[in-house]
Structures are given as structure tokens and as C-alpha cells.
Amino acid sequence: MPQTPVIHVLNGPNLNLLGTREPEIYGHDTLADVQALCERTAAQDGGATVVFRQSNHEGELIDWIHQARTQASALVINPAGYGHTSVALLDALKALTIPIVECHLSNPAARERFRHRSYVSPVARGVIAGFGPQSYELAVKAALTLVRAADKERGTA
């Protein structure tokens, strides 16, 4: 595991359209704005590095999860629609031993019924949802807190 914490932030389908797609639900910030917020938060909260990615393709997200096994200290994931449909994503996440934080801009529990179930939640240490872009800020902070706690337990802090 890296000495300086490395947080992988993965984003699922349609998040590349942030700022224009359903702004009444997702707001007006773009994905680039969210990335900048994550990078700022990680830098201010102990000098961590963020690897920020987005894909509309399930297989690519799974490949990135596999990379996180050896390259990341923690994973923040907004699976978007795949969170409600992808057993393959769940299976990939089960292979991780690093902390996983599930993140959503909106509150899926307050939306359509099909969004109430997440295949990611059972393997995530926690879920942060409903705070718009601030959900990512809180998720990065939570991931770093979990990494530090694990380091302290191992005596590497």
C-alpha cells in the first residue's frame, strides 16, 4: 500500500453529464468541479492523492476496481445506475481489502423505488448520499479517516 494515501474515486454512467443532466436533481456543478473538490479535500486533509475516473462502461469500472486492489489506500465509488443493477460490480468490490465508501449526489432512498436497493452498500464501510457535490467531499474525508485508523491499528501511522 502507498505511504501517502491514494484514494481512487470512481464514477459510473452518465456522471460525465453533470451540470447539464437533470440539474434539479444533480445540481449545476460539472464532473470537473467535483474532481477539483475531491483533490482539494484530499490535499488539505493530509496530502493524499486522488485518482479520479468516470466511465459509462461496466467492464472498465470493474478493471479500475481491480487496479485499486494494489494501487489505492481506499475507494470512493459513485456507481450511479450500476449500483442498482450490477452484481458484477459487487463481485469486483468483494475482492478489495481496502475501505470502500459509497457516494451519491442525490438521496436514492428518497427517489424511485428501484433506486432503493444498492448492490454496493453491502460491501461499503459507509454510504454518503444526498448532499450534492459535498457528498464527495465527505466521502473522501471518511475514506482518509478509515485509512488512518487502519494504519494506526497496524502500527504504520
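Summarised in this report is the structure supplied together with it. This one's a predicted model, so the numbers in the text were calculated from it and none came from an experiment.

Thresholds, definitions, all that
- Residues numbered from 1 in each chain as written.
- Predicted model: local features only at pLDDT ≥ 70, side-chain atom pairs only at ≥ 80, totals over all residues.
- Heavy atoms only, no water.
- Helix = DSSP H or I, 4+ residues; strand = E, 2+ residues; numbered from the N terminus.
- Rg over C-alpha atoms; globule rule 2.2 N^0.38 Å.
- Buried < 20%, exposed > 50% of the residue type's maximum accessible area, 1.4 Å probe, protein only.
- Contact = heavy atoms within 4.5 Å.
- Areas by Shrake-Rupley, 256 points an atom, 1.4 Å probe, with all protein chains shown as cover.
- Lys, Arg positive; Asp, Glu negative; His and termini not counted.
- Charge placed at Lys NZ, Arg CZ, Asp CG, Glu CD.
- Arc of directions from axis to C-beta.

**Quick word on the overall build of the protein**
For the protein, the count of helices and strands is 5 helices and 5 strands. Along the protein, helices and strands appear, N-terminal first, in the series β-α-α-β-α-β-α-β-β-α. In terms of overall size, the protein behaves like a compact globule, its C-alpha atoms giving a radius of gyration of 15 Å where 157 residues would be expected to give roughly 15 Å. Looking at the protein as a whole, 47% of its 157 residues qualify as buried. Contacts in the protein between residues far apart in sequence, at least 24 positions, make up 77% of those at least 6 positions apart. Looking at the protein as shown, the accessible area adds up to about 7,700 Å², and 49% of this sits on carbon and sulfur atoms. In the protein, the 14 positive side-chain charges and the 15 negative ones have mean positions that sit 6 Å from each other.

**Quick word on helix α4 (residues 87–94)**
Buried within α4 are the following residues: Leu89, Leu90, Ala92 and Leu93. Axial view of α4: buried residues confined to an arc of 165 degrees, hence all on one face. Here the buried face of α4 lies against α3 (58–71), β3 (74–78) and β4 (100–104).

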